[in-house]
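An overview of the molecular structure
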Amino acid sequence: MIRSMKLSDLDQVCEIENEAFSHPWSKEDFEVELQSNPYALYFVLVEDDLIKAYIGIWLIYERAQITTIAVKKDFRSQGLSKILMNFLDTVCIENNVEEVSLEVRVSNIKAINLYHSFGFIEKGIRKDYYQDNHEDAYLMVKEVKGG
Ligand SMILES: CC(C)(COP(=O)(O)OP(=O)(O)OC[C@H]1O[C@@H](n2cnc3c(N)ncnc32)[C@H](O)[C@@H]1OP(=O)(O)O)[C@@H](O)C(=O)NCCC(=O)NCCS
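The structure displayed is predicted, hence computed values, not measured ones.

1. Looking at the overall build of the protein
Counting its secondary structure elements, the protein contains 4 helices and 7 strands. When the helices and strands of the protein are read in sequence order from the N terminus, they spell out β-α-α-β-β-β-α-β-α-β-β. For the protein, the spread of C-alpha atoms along the principal axes amounts to about 35 × 35 × 35 Å. Across the 147 residues in the protein, those meeting the buried criterion constitute 20%.

2. Quick word on the sheet that holds strand β2 (residues 40–47)
Spatially, 7 strands are ordered β1-β2-β3-β4-β5-β7-β6 in an open sheet, and the strand pairing comes out mixed. In the strand order of this sheet, the two ends are held by β1 (2–4) and β6 (121–126), each with one partner. The mean angle between the axes of side-by-side strands here comes to 30°, regardless of whether they run parallel or antiparallel. One ladder, built from 3 bridges, connects β1 with β2; its direction is antiparallel. Its bridge partner lying in β2, Ser-4 is registered against Phe-43. Packing against the sheet, helix α1 (residues 10–20) makes contact with β2, β3 (50–60) and β4 (63–71), and its axis sits at approximately 85° to β3.

3. Quick look at the site of the ligand
Taken together, 19 residues are adjacent to the ligand, and Arg-76, Ser-81, Ala-111, Asn-113 and Leu-114 come closest. At the level of elements, β4, α3 (80–94) and α4 (109–117) are the ones that each hand at least two residues to the shell around the ligand. Among the elements that take part in the shell around the ligand, α4 stands out by supplying 6 residues, more than any other. Classifying every residue of the shell around the ligand gives 9 nonpolar, 7 polar and 3 charged.

4. Quick look at the packing of α1 against helix α2 (residues 27–36)
The description of two packed helices rests on the angle between their axes and on the distance between the axes. Where α1 contacts α2, the axes come no closer than 10 Å and their chain directions differ by 125°. In terms of their interaxial angle, α1 and α2 are classed as oblique. Here α1 runs over α2; the crossing is right-handed. Together, Leu-10, Val-13 and Cys-14 of α1 and Lys-27, Phe-30 and Glu-31 of α2 make up the contact between the two elements. Residues belonging to the contact of α1 with α2 are distributed by class as follows: 4 nonpolar, no polar and 2 charged.

Each value, and the rule that gives it
- Residues numbered from 1 in each chain as written.
- Predicted model: local features only at pLDDT ≥ 70, side-chain atom pairs only at ≥ 80, totals over all residues.
- Helix = DSSP H or I, 4+ residues; strand = E, 2+ residues; numbered from the N terminus.
- Buried ≥ 20, exposed ≤ 12 C-beta atoms within 10 Å, placed from the backbone.
- Pairing = 2+ DSSP bridges.
- Axes fitted to C-alpha atoms, helices over the stretch in contact; angles between N-to-C directions.
- Contact = placed C-beta atoms within 7 Å.
- Near = placed C-beta within 6 Å.
- Nonpolar A, V, L, I, M, F, W, Y, C, P; charged D, E, K, R; others polar.
- Parallel < 35°, antiparallel > 145°, perpendicular 65-115°, else oblique.
- Left-handed = near helix turned anticlockwise from the far one by under 90°.

Below you can see the structure in the form of structure tokens.
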């Protein structure tokens, strides 16, 4: 099932985060998002208390930004990210979002393929976007039908 992320999820979430990203968010970063960011919504995909994947979005009126998505390594290539992306589509429609954007490393082919399959297109490039290796990011954008 998919439900809102809770503070008590963060140990499991950070385990996934650490294996998924070269420059991972800390537990404190997630705490700030969950407790102090009024625009942030985070969801986990969980089975039998095991968190398999999570996704985050900022909803700022008619614009939204996907902040993160990650699937635990053991459960990749099973369609879980698509389940979460579909779920976010519904959240966006329910909240009258008109445009969703995100940034992704230009080398992250898996994620770029995923976003293409959900209708995102590259709208620009952010040079030197990532601090760890100075990699560029694509800014990807999708217009939401019904928004
Ligand atoms: C990117 C990520 C979320 C995909 O999750 P996943 O659950 O393994 O992906 P799914 O099984 O749902 O596949 C979704 C789509 O992703 C793409 N994809 C997944 N694995 C892929 C691979 N090995 N090669 C190319 N594309 C791939 C495909 O478009 C796929 O759709 P398809 O199966 O219809 O071709 C996962 O690899 C991950 O957590 N990566 C580390 C974190 C990360 O990079 N997040 C994105 C930050 S912008």
